[in-house]
2 protein chains.
Amino acid sequence: MRLDVVFTPQGLAPADVTGRTVFVIDILRATTAMCAALAHGAKAVIPVGSSEEAVRLAQTIGSTDLLLAGERNCVRIPGFQLGNSPLEMTDETVRGRTIIMTTTNGTKAMLATQGAGAVYAAAAANLSVAGVAARDVLERQRDMLIVCAGRDGAFSLDDAYAAGRLAVAALGGRKPRRGLNDAALAALDLVRRYGDAWFRPLAYSRAGRELIRLGFRPDVEDAARLDAYPVLPNLHDRRVTLAPAA
Amino acid sequence: MRLDVVFTPQGLAPADVTGRTVFVIDILRATTAMCAALAHGAKAVIPVGSSEEAVRLAQTIGSTDLLLAGERNCVRIPGFQLGNSPLEMTDETVRGRTIIMTTTNGTKAMLATQGAGAVYAAAAANLSVAGVAARDVLERQRDMLIVCAGRDGAFSLDDAYAAGRLAVAALGGRKPRRGLNDAALAALDLVRRYGDAWFRPLAYSRAGRELIRLGFRPDVEDAARLDAYPVLPNLHDRRVTLAPAA
């Protein structure tokens, strides 16, 4: 079995992904928002690469059930109903709706997983649920890959810490000396460093500091709530929906 | 001042580099080998992107002083006089010679720094010397960037740990809360985790494990020798030579 982590989706080759079970993490805020949306009854989230594509797809589908969600540099895209905040994904707003979502890093990371055996979204919000799924992958001697969305192609502390937490959950106390790549080892080191409290590494990260500066501190606090939205978003046929029960 | 680290040169934009003082790290083994070569009297090391380019450049220069050095997947390129091992860079072999060098990751990282204010090579082999230069950059309120060569576009533990050690030296006990990017914070965390002993993080890394498996354990041990080759290689006009004394 292999448990690999990549700190950005840039440079992912098809061979890194093919047939593997992939967990995508963009804890601030895309994968947290996906968990919130599905937990509050959204039918699906469709990740797309650009705001133009989001608008085009909405026109093609032409349904009144649609919501457009997305941000660029933390701020809601003009004309979109929703930004990228998990706190916007209330039951009242999203139940029964399909959300077309585009974000700076998170949706790009999801779109980089083409060819994977299965793709899930992970965050603190669904750590226990995602951890059970991840542990199951390793117990069946399959390979898993955690893709951090990162930040404009660079390492981001918030996602790397979350990757470490998911790796801890996947390993379930085992300490394999092989089968982990260097990034997985470093992610586990971050968990040793920051311990169990989610808020600190999130608030230390550049993404977290920027969100707090822009007035989104409640989003950072929400993203740090363990198991706040305990669902397992599953990307399949370009749509993210609740994973079928195992 | 800013102290940023990137774990791979992939995705470096000109704006990340322009005007900055850049330290390139490929501790296993390119930047260690450069230190060894210059410490043992080589006139210059010329990093090039491919073995074809190395051969072409050697033909263009046409001097008998030249040596070709390079590896692909740890192994010396056929027809080249040298591989990538610092232990090959003996006084007898390299004194007075110019070395044209191509390696899987290290020379690519050097070539990605175009536009920088100054570019140096760093490793354990020259940590104290590079640390003094790095501290000087920060004391003059200038920005510095540490570029890890990484491994085929991915994070590598050996370079990241070395980046942390260089960052510690650059900061000289200061603990800035701002001015460090997330990768710099994570690199500092690796130093907390592994402490002062170089061999352990090098031998844990995938690059180190592979070198040991291929019979290059002495290279890993040599790369872990603090201040073994206390020189400051400086990339300038596409050649790496000893930095002029400050």
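Residues numbered from 1 in each chain as written. Chains lettered and ligands numbered in written order. Predicted model: local features only at pLDDT ≥ 70, side-chain atom pairs only at ≥ 80, totals over all residues. Heavy atoms only, no water.

Colleague: Can you tell me about the relation of the copies chain B and chain A, naming the residues and giving the values?
Modeller: Each copy superposes on the other: chain B lies on chain A with an RMSD of 0.0 Å after a rotation of 180° and an axial shift of 0.0 Å. Taken together, the rotation and translation relating the two chain copies correspond to the operation of a two-fold axis. A share of 100% of interface residues in chain B that are also interface residues in chain A marks the association as one of identical surfaces. (Least-squares fit on C-alpha atoms with pLDDT ≥ 70 in both. Contact = heavy atoms within 4.5 Å.)

Colleague: For the side chain of D158 of chain A, give the residues involved together with the corresponding values.
Modeller: Mapped onto the fold, D158 of chain A is located in helix α7 (residues 157-171). No salt bridge is formed by the buried D158 of chain A; its nearest oppositely charged neighbour, R151 of chain A, is found at 7.3 Å. Here the side chain of D158 of chain A touches S156 of chain A through a polar contact of 2.9 Å, side chain to side chain. Those residues within four positions of D158 of chain A in sequence are excluded, and the remaining contacts are I27, L28, P201, L202, S205 and A207 of chain A together with D182 of chain B. (Helix = DSSP H or I, 4+ residues; strand = E, 2+ residues; numbered from the N terminus. Buried < 20%, exposed > 50% of the residue type's maximum accessible area, 1.4 Å probe, protein only. Lys, Arg positive; Asp, Glu negative; His and termini not counted. Salt bridge = Lys/Arg side-chain N within 4 Å of Asp/Glu carboxyl O. Polar contact = N/O pair within 3.5 Å; in protein donor to acceptor, adjacent residues only side chain to side chain.)

Colleague: Tell me about the interface of chain B and chain A, and please be specific about residues and values.
Modeller: With 24 residues of chain B in contact, the opposing surface of chain A contributes 24 residues. Counting the surface chain B buries against chain A, the share from its top three residues, F155, D182 and R206 of chain B, is 31%. Our count for the contact surface shared by chain B and chain A stands at six salt bridges. In this structure, R209 of chain B and D182 of chain A form a salt bridge, with 3.8 Å as the shortest nitrogen-oxygen distance. The tally of links between chain B and chain A comes to eight residue pairs in polar contact (both at pLDDT 80 or more). Per-element accounting of the side of chain B that touches chain A gives the leading share, nine residues, to helix α8 (residues 182-194) of chain B. Within the side of chain B that touches chain A, the residues separate by chemical class into ten nonpolar, three polar and eleven charged. (Buried area = accessible area lost by both parts, 1.4 Å probe. Nonpolar A, V, L, I, M, F, W, Y, C, P; charged D, E, K, R; others polar.)

Colleague: Would you mind going over the packing of helix α6 (residues 127-139) of chain A against α7 of chain A in detail, with residue names and values included?
Modeller: Residue and element names in this part refer to chain A. As a packed pair, α6 and α7 sit with axes 7 Å apart at the nearest point and diverge in direction by 50°. With respect to their mutual orientation, α6 and α7 come out oblique. Considering the relative orientation of α6 and α7, their crossing is right-handed. Residues L127, A130, G131, A134, R135 and L138 of α6 form the contact with α7, whose participating residues are R165, L166, A169, A170 and L171. Residue composition of the contact of α6 with α7, by class: eight nonpolar, one polar and two charged. (Axes fitted to C-alpha atoms, helices over the stretch in contact; angles between N-to-C directions. Parallel < 35°, antiparallel > 145°, perpendicular 65-115°, else oblique. Left-handed = near helix turned anticlockwise from the far one by under 90°.)

Colleague: Run through the side chain of N181 of chain B, naming residues and quoting values.
Modeller: Tracing the chain through its elements places N181 of chain B in the loop between α7 (157-171) and α8. What makes N181 of chain B buried here is its relative accessible area of 11%. What N181 of chain B contacts, discounting residues up to four positions off in sequence, is R206 of chain A together with R2, L3, D4 and V5 of chain B.

Colleague: A description of the pattern of salt bridges should follow, citing residues and the corresponding values.
Modeller: A full pass over the atoms with the stated rule returns 28 salt bridges over all chains. With its nearest N and O atoms 3.0 Å apart, the salt bridge here joins E221 of chain B to R217 of chain B. With a gap of four residues between them, E221 of chain B and R217 of chain B both fall in helix α11 (residues 217-223), about one helical turn apart. The network of salt bridges with common partners includes R2, D4 and R20 of chain A together with R206 of chain B.

Colleague: Pulling in residues and values, what's your account of α7 of chain A?
Modeller: Residues and elements named next belong to chain A. Between the first and last C-alpha of α7 there are 21 Å, a value that for 15 residues agrees with the 21 Å anticipated at 1.5 Å per step. Most of α7 sits out of view: 14 of its 15 residues are buried. Among the residues trailing α7, G172 stands out with phi positive, at a value near 55°. (Expected span 1.5 Å × (residues − 1).)

Colleague: Got a sec to walk through the pairing of strand β10 (residues 239-242) of chain B? Specific residues and values, please.
Modeller: All names here are of chain B. Relative to β10, strand β9 (residues 233-236) is paired through four bridges, and the arrangement is antiparallel. The residue of β10 that forms the bridge with N234 is T241. What sits between the antiparallel neighbours β9 and β10 is a turn of two residues, in which D237 has the positive phi angle 50°. (Pairing = 2+ DSSP bridges.)

Colleague: Just give me the short version of the environment of S50 of chain A, but keep the residues and values in it.
Modeller: Residues and elements named next belong to chain A. With respect to the element layout, S50 can be found in the loop between β3 (44-47) and α3 (51-61). Between the C-alpha atom of S50 and that of L157, which follows or precedes it by 107 residues, the distance is 25 Å. Leaving out residues up to four positions away in the same chain, S50 has contacts with R72 and T102. Of note is the side chain of S50, whose polar atom sits 3.4 Å from the side chain of E52. Within the structure, S50 has its side chain in polar contact with the backbone nitrogen of E53 (distance 3.0 Å).

Colleague: A description of the packing of aromatic side chains should follow, citing residues and the corresponding values.
Modeller: Counted under the stated rule, the structure contains 13 aromatic pairs over all chains. Ring centres 5.0 Å apart and planes at 90° place the aromatic pair F7 of chain A and F155 of chain B in the edge-to-face group. Of this pair, F7 of chain A sits in the loop between β1 (3-6) and α1 (14-17) while F155 of chain B sits in the loop between β8 (144-148) and α7, each in a different chain. No difference in accessibility class separates F7 of chain A from F155 of chain B, as the two residues are buried. The lysine or arginine in question, R193 of chain B, covers the ring of Y194 of chain B, its NZ or CZ lying 5.0 Å from the ring centre. In this arrangement the basic side chain of R225 of chain B is found over the ring face of Y229 of chain B, its NZ or CZ atom lying 5.7 Å from the centre. (Phe/Tyr/Trp six-rings, centres within 6.5 Å; stacked < 30°, edge-to-face > 60°. Lys NZ or Arg CZ within 6 Å of the ring centre and 35° of its normal.)

Colleague: Could you give me a rundown of the environment of V231 of chain B, with the residues and numbers involved?
Modeller: Residue and element names in this part refer to chain B. As for its placement among the helices and strands, V231 is situated in the loop between α11 and β9. On the basis of relative accessible area, V231 is assigned to the buried category, the value being 14%. Expressed as a C-alpha distance, the spacing of V231 and C35, which sit 196 residues apart in the sequence, is 6.1 Å. Here V231 is in contact with C35, L38, A39, N126, V129 and L242, once residues within four sequence places are set aside.

Colleague: Let's hear about the confidence of the model for chain A: which residues, and what values?
Modeller: Residue and element names in this part refer to chain A. For chain A, per-residue confidence averages 94 on the pLDDT scale, and 99% of positions sit at 70 or higher. The spread of mean pLDDT over the elements of chain A runs between helix α5 (residues 106-111), the lowest at 88, and strand β2 (residues 21-25), the highest at 98. Interface confidence for the predicted complex, expressed as ipTM, amounts to 0.89; the pTM equals 0.93. (pLDDT = per-residue confidence, 0-100.)

Colleague: An account of the state of the cysteines is requested, with residue identities and associated values reported.
Modeller: All names here are of chain B. On inspection of all chains with the given rule, the structure shows zero disulfides over all chains. Left unpaired, C35 is separated from the closest cysteine sulfur, that of C148, by 15 Å. For C74, which is in no disulfide, the shortest distance to another cysteine sulfur is to C148 and amounts to 18 Å. (Disulfide = S-S within 2.5 Å.)

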